[in-house]
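Reading the structure
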Amino acid sequence: MSNYILDFESPLREVEEKIDTLKSTGIKTGMDVSEGIKQLEEQLIQKRKMIYKNLSRWERVQLARHPKRPYSSDIIIRMADYWLELHGDRCFSDDPAMVCGIARLNDLRVMIISQEKGRGTKKKVYHNFGMSRPEGYRKALRLMKLAEKYNIPVLTLIDTPGAYPGVGAEQRGQSEAIAKCIEVSLNLKIPTISVIIGEGGSGGAVAIATTNKVLMLEHSVYSVISPEGCASILWKDSKYAEEAAVSMKITAQDLKELDIIDSIIAEPVGGAHRNPSETIKNVGNALKTSLKQINSLDKNELFNQRKNKYLMTLNKS
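These lines cover the structure that appears in this document, whether it is placed above or below.

The rules behind each value
- Residues numbered from 1 in each chain as written.
- Predicted model: local features only at pLDDT ≥ 70, side-chain atom pairs only at ≥ 80, totals over all residues.
- Heavy atoms only, no water.
- Phe/Tyr/Trp six-rings, centres within 6.5 Å; stacked < 30°, edge-to-face > 60°.
- Helix = DSSP H or I, 4+ residues; strand = E, 2+ residues; numbered from the N terminus.
- Buried < 20%, exposed > 50% of the residue type's maximum accessible area, 1.4 Å probe, protein only.
- Lys NZ or Arg CZ within 6 Å of the ring centre and 35° of its normal.
- Pairing = 2+ DSSP bridges.
- Core = buried A, V, L, I, M, F, W, Y, C linked by side-chain atoms within 4.5 Å.
- Contact = heavy atoms within 4.5 Å.
- Salt bridge = Lys/Arg side-chain N within 4 Å of Asp/Glu carboxyl O.
- Axes fitted to C-alpha atoms, helices over the stretch in contact; angles between N-to-C directions.
- Parallel < 35°, antiparallel > 145°, perpendicular 65-115°, else oblique.
- Nonpolar A, V, L, I, M, F, W, Y, C, P; charged D, E, K, R; others polar.
- Arc of directions from axis to C-beta.

1. Points about the packing of aromatic side chains
Counted according to the given criterion, the structure contains 2 aromatic pairs. Consider the rings of F8 and Y52, whose centres lie 5.9 Å apart with planes at 70 degrees: the pair is edge-to-face. Of this pair, F8 sits in the segment before α1 (10-29) while Y52 is found in helix α2 (residues 34-53), placing the two residues 44 residues apart along the sequence. Residue class for F8 comes out buried when judged on its relative accessible area of 11%. A cation sits over an aromatic face here: R119 above Y71, 4.2 Å from the ring centre. Between R133 and the ring centre of Y164, over which it is positioned, the NZ or CZ distance is 4.8 Å.

What follows is the structure, encoded as structure tokens:
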């Protein structure tokens, strides 16, 4: 269990500390404290269910950003039977924020395109906190086309606060790279599925999430801008981020109701960070189910499904 405790989880921490104290007492004194521990554990389960049954949108934002949440690299390593990472955009350089490669799920080859935040200071800096530069999107673009050439389905894992906003990225054509990714994603003649596993921020997420099916983990978020960014624009102060999150409707539950995503992947009670193995198993099962649903569609059906999902909806609005 993580030592990183969110404010709304403090009632759980109190019970967990009582359990730890009772266990320590039992070890030191030799007393049988199993009944007391059992009662506290049952109390903990009930409290956890109650808290996570009534989460606010802002609390879900905090869960989506939890530092112990499974990242793309965790999911790929545990989910794939085989994994070969591919590097470079063949134009400028490689971007570690965008981790891509060929994998095998059971007997099916897939191209995985993912955003990686990195765990620990060195890894976070190396992966640029999951914020891709233009070369990251051009790498993704190159591998989308490679997957189409060999008729390999594309799976994308989304977890980014947004595309990198630095001057160098803008000079190298950040907006053009994102726009090109969206254009090519719409026109691919192969099955494509994306899963938002944490934060799905702005065009940086949309660039690789314009797919046949879009899935979201239960406590992930997906939005055109961060709540803090929205609050800075509308209220001129980022302290109104909680109000912005409510107004923006950025949770998986909101987006399923609005038909922006296709399905929600359940997380363990307490969030993905409390049981990463179960979370990753759920993601793998959901991907395999979704692949089975669209893998038999021909090229025109795949294209038309995407066209109706995005372009026709846009015209109606």
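2. Comments concerning the pairing of strand β4 (residues 154-160)
Burial within β4 is extensive, with 7 of its 7 residues counted as buried. For β4 and strand β5 (residues 192-201), the ladder comprises 6 bridges, and the chain directions are parallel. Paired with L155 across the bridge in β5 is I193.

3. A word on the nonpolar core
One finds M111, I113 and Y222 to be the most contacted residues of the largest nonpolar core, which totals 31 residues. Among all residues touching Y222, those that are not within four sequence positions of it are I196, G200, A205, V206, A209, M216, I250, L255 and I261. Core analysis: the next-biggest nonpolar cluster, separate from the first, contains 23 residues, I76, M79, L155 and A286 among them.

4. Considerations on the pattern of salt bridges
Applying the stated rule across the entire model yields 12 salt bridges. Ionic pairing is found between D254 and R57, a salt bridge with its closest N-O pair at 2.6 Å. Taken together, the positions of D254 in helix α12 (residues 252-257) and R57 in helix α3 (residues 57-64) put the pair 197 residues apart, joining distant regions of the chain. Because the salt bridges share partners, they merge into one network encompassing R65, K117, D159, E199 and E228.

5. Notes on the packing of helix α10 (residues 227-234) against helix α11 (residues 241-248)
Where α10 meets α11, the closest approach of the two axes is 8 Å, and the angle between their N-to-C directions is 100 degrees. Relative to α11, α10 is oriented roughly perpendicular. Of α11, the residues touching α10 (which contributes P227, E228, C230 and A231) are A241, A244, A245 and M248. The class makeup of the residues in the contact of α10 with α11 is 7 nonpolar, no polar and 1 charged.

6. Here we look at α10
What α10 keeps buried is the set P227, C230 and A231. Seen along its axis, α10 keeps its buried residues to an arc of 100 degrees; they face one direction. Taken together, the buried residues of α10 touch α3 and α11. Looking one or two residues past α10, K236 carries a phi angle of roughly 60 degrees, positive in sign.

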